[in-house]
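Residues per chain are reported as follows:
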Amino acid sequence: MGKPTGFMEFERLSEAYQPVEARLKHYKEFVARLDDKDAAIQGARCMDCGIPFCNNGCPVNNIIPDWNDLVYRNKWEEAIAVLHSTNNFPEFTGRICPAPCEAACTLGINEEPVGIKSIEHAIIDKAWENGWVKPQPAAAKTGKKVAVVGSGPAGLAAAQQLARAGHAVTVFEKNDRVGGLLRYGIPDFKLEKSTIDRRVAQLEAEGVTFKTKVLVAGSKADVPAGIINDATEVVTPAQLDKEFDAVLLTGGSEVPRDLPVPGRALKGVHFALELLIPQNKEVAGDGANPISAKGKHVVVIGGGDTGSDCVGTSNRHGALSVTQFELMPQPPAQENKALTWPYWPIKLRTSSSHEEGCSRDFAVATKEFIDDGNGNVRALKAVRLEWKDGKMSEVPGSEFELKADLVLFAMGFTNPVGGVLDAFGVKKDARGNAEASTDGEGCYATNVDKVFAAGDMRRGQSLVVWAIREGRQAAREVDQFLMGATSLPR
């Protein structure tokens with residue numbers, strides 16, 4: 001694949017970032033994609049390695065060596081056709097996927113892996129610019145109607161696949177715009193929302209109907225306070241059962257993990273999405289964010305992607321300082337590839353938001369939030385942890401206090417909204433997700449007749465690329481259920 005000796009001749013070339021001082025002044029994307037020449041060089045580094053572990057490292061099983069080779073040979077239009085054959089939305093994954101494919105790259109055993117994600121980014125952006133991404137409406141309609149509940153990446157992928165199979169697809173979204181956590185959970189500086197809008201326009205041209213501000217549940221009370229819900233209308237499961245031939249539940253894992261310690265109720269202590277969702281709405285021109293980090297000492301509790309998004313947003317607000325706590329010990333700067341390859345390694349990862357200004361502290365547990373005397377948080381008390389044999393214990397005498405005017409919980413999400421699943425009568429697993437197997441017959445089917453589940457709703461909090469995979473696979477199972485056979489790819 002590519003140039004036979006390319007992996008020995010060329011070094012990995014990363015995408016260029018706008019300087020920190022410039023990008024902190026706005027909320028637009030700041031990563032410049034590779035130009036044609038540099039993308040071709042990266043494609044040339046792809047080895048003819050015999051077994052392309054990258055394909056299986058990628059949850060949607062992208063045919064990576066093939067489009068690497070096509071980019072090297074300047075066959076861009078063929079490259080996007082191959083890329084789209086496995087991934088409905090490479091502009092999402094090319095921007096925000098952590099790239100498990102690169103961790104599985106054979107070249108990565110003893111060199112820097114091929115820049116797969118950057119090539120993907122270049123292919124899809126070039127395809128949009130050249131008009132190669134076009135609606136693909138079904139040649140014939142089946143007469144079957146499918147309801148997709150949730151318009152995140154799983155719901156969008158499923159809707160597109162089902163529409164192309166000829167079904168009449170209606171997507172229900174409880175919020176005011178389509179995209180789920182793609183739109184409201186991820187900051188614009190990582191994913192500008194025009195990227196979602198153009199895909200929605202494509203899906204509409206392919207026959208998909210979107211209904212926003214519509215909650216599918218027993219009642220509006222099924223969604224607890226604190227979870228974004230712009231719905232002005234409620235559609236019940238009974239109504240969907242009557243109107244549609246199949247229902248696919250693809251809502252997100254939206255219930256955030258809490259930290260019930262003394263002082264939790266103080267003003268200035270928030271879940272991450274209480275900051276991020278209004279910020280995305282503000283950038284879109286839909287009102288002002290009621291939470292501001294300007295001039296404040298910010299503490300972010302949780303070391304994952306959501307925590308990183310809080311760091312980047314706080315710095316753009318003009319925070320005085322940003323500190324990020326992680327319960328787990330600091331991982332090694334470099335993984336032991338002999339032990340981890342081709343699997344996703346645990347190692348220290350520094351995001352672009354961290355580079356913009358952040359103090360990171362590991363193996364720390366928060367014990368209490370301290371009142372300023374007026375009901376506002378002014379500091380927190382924490383203790384250092386010792387980890388041994390997978391178990392943690394507090395280090396005696398290690399307690400400390402840290403100034404904090406704004407505290408953000410970014411410790412992950414536990415499960416989808418339980419009331420919605422209960423309204424359908426869907427059986428839940430031990431973690432509160434919809435119980436639906438991906439093995440054997442009836443994949444993605446729940447215990448309720450003609451009701452399916454996919455994405456975070458089924459597997460719990462996960463990556464966008466996993467949501468796309470599950471949406472595609474569930475669409476195939478729904479098509480099989482409706483027609484008795486399917487030609488949709490798995």
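Structure shown above.
Since the model is a prediction, treat every value here as computed from it, not as a measurement. (Residues numbered from 1 in each chain as written. Predicted model: local features only at pLDDT ≥ 70, side-chain atom pairs only at ≥ 80, totals over all residues. Heavy atoms only, no water.)

A. Examining helix H15 (residues 305–317) more closely. For H15, built from 13 residues, the straight-helix expectation of 18 Å at 1.5 Å per residue is met to within 8% by its first-to-last C-alpha distance of 18 Å. For H15, a buried count of twelve out of 13 residues is recorded, marking the element as mostly surrounded by other parts of the structure. Downstream of H15 by a residue or two, Gly 318 has a phi angle that is positive, lying close to 100°. (Helix = DSSP H or I, 4+ residues; strand = E, 2+ residues; numbered from the N terminus. Expected span 1.5 Å × (residues − 1). Buried < 20%, exposed > 50% of the residue type's maximum accessible area, 1.4 Å probe, protein only.)

B. Spotlight on the sheet that holds strand S12 (residues 321–326). Strand order in this open sheet of five strands is S10-S18-S11-S12-S13, and the pairing throughout is parallel. The strands lining the two open edges of the sheet, one partner per strand, are strand S10 (269–271) and strand S13 (359–362). Each neighbouring strand pair of the sheet contributes to a mean axis angle of 20°, computed without reference to strand direction. As defined by bridge partners, S10 adjoins strand S18 (residues 406–409) across three bridges and the pair is classed as parallel. When the bridges of S18 are listed, Phe 271 appears paired with Phe 409. (Pairing = 2+ DSSP bridges. Axes fitted to C-alpha atoms, helices over the stretch in contact; angles between N-to-C directions.)

C. Inspection of the pattern of salt bridges at higher detail. Applying the stated rule across the entire model yields 31 salt bridges. Between Glu 243 and Lys 145 there is a salt bridge, with its nearest N and O atoms 3.6 Å apart. In this pair, Glu 243 is assigned in helix H13 (residues 237–243) and Lys 145 in strand S3 (residues 145–149), connecting sequence segments 98 residues apart. Glu 243 gets classed as partly exposed once you look at its relative accessible area, which sits at 42%. With relative accessibility at 31%, the residue Lys 145 sits in the partly exposed group. One salt bridge connects Asp 361 with Arg 384, and the closest N-O pair in it is separated by 3.0 Å. Taken as a pair, Asp 361 in strand S13 and Arg 384 in strand S15 (residues 377–388) lie far apart in primary sequence, 23 residues in all. The class of Arg 384 is partly exposed, set by a relative accessible area of 32%. (Salt bridge = Lys/Arg side-chain N within 4 Å of Asp/Glu carboxyl O.)

D. Highlighting the packing of aromatic side chains. Across all of its chains, the model carries eight aromatic pairs by this definition. Relative to Trp 341, the ring of Phe 53 lies with its centre 4.7 Å away and its plane at 65°, an arrangement referred to as edge-to-face. Taken as a pair, Phe 53 in helix H4 (residues 53–57) and Trp 341 in the loop between helix H16 (337–340) and helix H17 (352–355) lie far apart in primary sequence, 288 residues in all. Each ring, one from Phe 452 and one from Phe 481, has its centre 5.5 Å from the other, and the planes form 65°; the classification is edge-to-face. Placement of the pair is Phe 452 in strand S20 (residues 451–453) and Phe 481 in helix H20 (residues 464–483), with a sequence separation of 29 residues. (Phe/Tyr/Trp six-rings, centres within 6.5 Å; stacked < 30°, edge-to-face > 60°.)

E. Region of the structure containing the nonpolar core. In this structure, Trp 67, Ile 123, Val 169, Leu 182, Val 208 and Phe 210 are the most contacted members of the largest nonpolar core, which totals 65 residues. Apart from the residues within four sequence positions on either side, Trp 67 is in contact with Asn 62, Ala 79, Val 82, Leu 83, Ile 116, Ile 119, Glu 120 and Ile 123. (Core = buried A, V, L, I, M, F, W, Y, C linked by side-chain atoms within 4.5 Å. Contact = heavy atoms within 4.5 Å.)

F. Structural view of the pairing of strand S11 (residues 297–301). Among the five residues in S11, four count as buried, and that is most of the element. Pairing of S11 with S12 involves five bridges; the strand directions are parallel. Directly across from Val 299, in S12, lies its bridge partner Thr 323. Each parallel crossover has a hand, and for S11 linked through H15 to S12 it is right-handed. Pairing analysis gives four bridges linking S11 to S18, with the strands arranged parallel. When the bridges of S18 are listed, Val 300 appears paired with Leu 408. (Right-handed = clockwise from strand over helix to strand, strands pointing away.)

G. Structural view of the pairing of S15. Strand direction decides the pairing type here: strand S14 (residues 364–371) and S15, joined by seven bridges, are antiparallel. When the sheet's bridge partners are listed, Ala 365 is paired in S15 with Val 383. Taken together, S14 and the strand that follows it, S15, pair antiparallel across an intervening segment of five residues, in which Gly 373 is found at a positive phi of about 100°. Sheet topology places S15 next to strand S17 (residues 400–403); four bridges connect them, and they run antiparallel. Bridge assignment links Ala 379 to a residue of S17, and that residue is Lys 403. Relative to strand S16 (residues 391–394), S15 is paired through four bridges, and the arrangement is antiparallel. In the strand pairing of S16, Lys 388 is matched with Lys 391. The antiparallel pairing of S15 with S16 creates a hairpin that spans two residues between the two strands, and Asp 389 there sits at a positive phi of about 55°.

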